[in-house]
Amino acid sequence: MVTNGQEAIHQVNLNPPDLILLDLWMPDMNGLEVAGVIRNYPGCQHIPIIFITEYYTQPDELLIDQKTYGLIRQPVSIEQLILNF
């Protein structure tokens, strides 16, 4: 688990995970920026990215659809993740 976008990018580069749960609004970089950087790393294009966020707008939703596997609104449960994805 990381606390900001730069840490997320660093961790994915060091040890690519099987799944990324990413907040849309984080310190230093937003989730869309982080997803864009991760998508450009060789070998990381296939990793599913799911945004988990409390607030988003329609334009955000269009961008999310282009870069990730989906969006879940907070609060979220493990059961909700399993059923939806």
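Structure first, text after, so check above.
Note that the coordinates shown come from a computational prediction; the quantities given were computed from them, not determined experimentally.

J.: Where do I start with the overall build of the protein in this structure?
T.: Regarding its fold elements, the protein presents 4 helices and 3 strands. Listing the helices and strands of the protein from first to last along the sequence gives α-β-α-β-α-β-α. Of the contacts formed within the protein by residues at least 6 apart in sequence, a portion of 46% connects residues at least 24 apart. Carbon together with sulfur atoms contributes 55% to the accessible area of the protein, which is approximately 5500 Å² in total.

J.: Looking at this structure, how should I read the packing of helix α1 (residues 5–14) against helix α2 (residues 31–39)?
T.: In a pair of packed helices, the angle between the axes and the distance between the axes together describe the arrangement. Contact geometry of α1 with α2 gives a least axis separation of 10 Å together with a crossing angle of 20°. In terms of orientation, α1 and α2 fall into the roughly parallel class. Every pair of crossing elements has a handedness; the one defined by α1 and α2 is right-handed. Every residue of α2 that contacts α1 at G5, A8, I9 and V12 is listed here: V34, V37 and I38. Its residues placed into classes, the contact of α1 with α2 shows 6 nonpolar, 1 polar and no charged.

J.: Even after reading the chapter, I still don't get the nonpolar core, so can you show me in this structure?
T.: Soluble, globular proteins show a tendency: their nonpolar side chains are buried together. Of all hydrophobic cores here, the largest spans 16 residues; its most connected members are V12, I20, L22, V34, I38, I49 and F51. Elements supplying a minimum of two residues to this core: α1, β1 (20–23), α2 and β2 (49–53). The greatest single-element share of this core, amounting to 4 residues, is contributed by α2.

J.: Looking at this model, I keep getting lost on the environment of P16. Mind explaining?
T.: Here P16 shows up in the loop between α1 and β1. Sequence separation between P16 and C44 is 28 residues; the distance between their C-alpha atoms is 6.8 Å. If we ignore the near neighbours within four places in the chain, the residues touching P16 are Q11, C44 and I47.

J.: Is there a simple way to think about the pairing of β1 in this case?
T.: On a regular strand, each side chain points to the face opposite its neighbour's, so the side chains alternate between the two faces of the sheet. Side chains I20 and L22 project from β1 onto a buried face, and the interleaved L21 and D23 project onto a face without burial. Strand direction decides the pairing type here: β1 and β2, joined by 4 bridges, are parallel. Bridged to D23 within β2 is I52. After leaving β1, the chain enters α2 and then returns to the sheet as β2, a path that is right-handed.

About the criteria used
- Residues numbered from 1 in each chain as written.
- Predicted model: local features only at pLDDT ≥ 70, side-chain atom pairs only at ≥ 80, totals over all residues.
- Heavy atoms only, no water.
- Helix = DSSP H or I, 4+ residues; strand = E, 2+ residues; numbered from the N terminus.
- Contact = heavy atoms within 4.5 Å.
- Areas by Shrake-Rupley, 256 points an atom, 1.4 Å probe, with all protein chains shown as cover.
- Axes fitted to C-alpha atoms, helices over the stretch in contact; angles between N-to-C directions.
- Parallel < 35°, antiparallel > 145°, perpendicular 65-115°, else oblique.
- Left-handed = near helix turned anticlockwise from the far one by under 90°.
- Nonpolar A, V, L, I, M, F, W, Y, C, P; charged D, E, K, R; others polar.
- Core = buried A, V, L, I, M, F, W, Y, C linked by side-chain atoms within 4.5 Å.
- Buried < 20%, exposed > 50% of the residue type's maximum accessible area, 1.4 Å probe, protein only.
- Pairing = 2+ DSSP bridges.
- Right-handed = clockwise from strand over helix to strand, strands pointing away.

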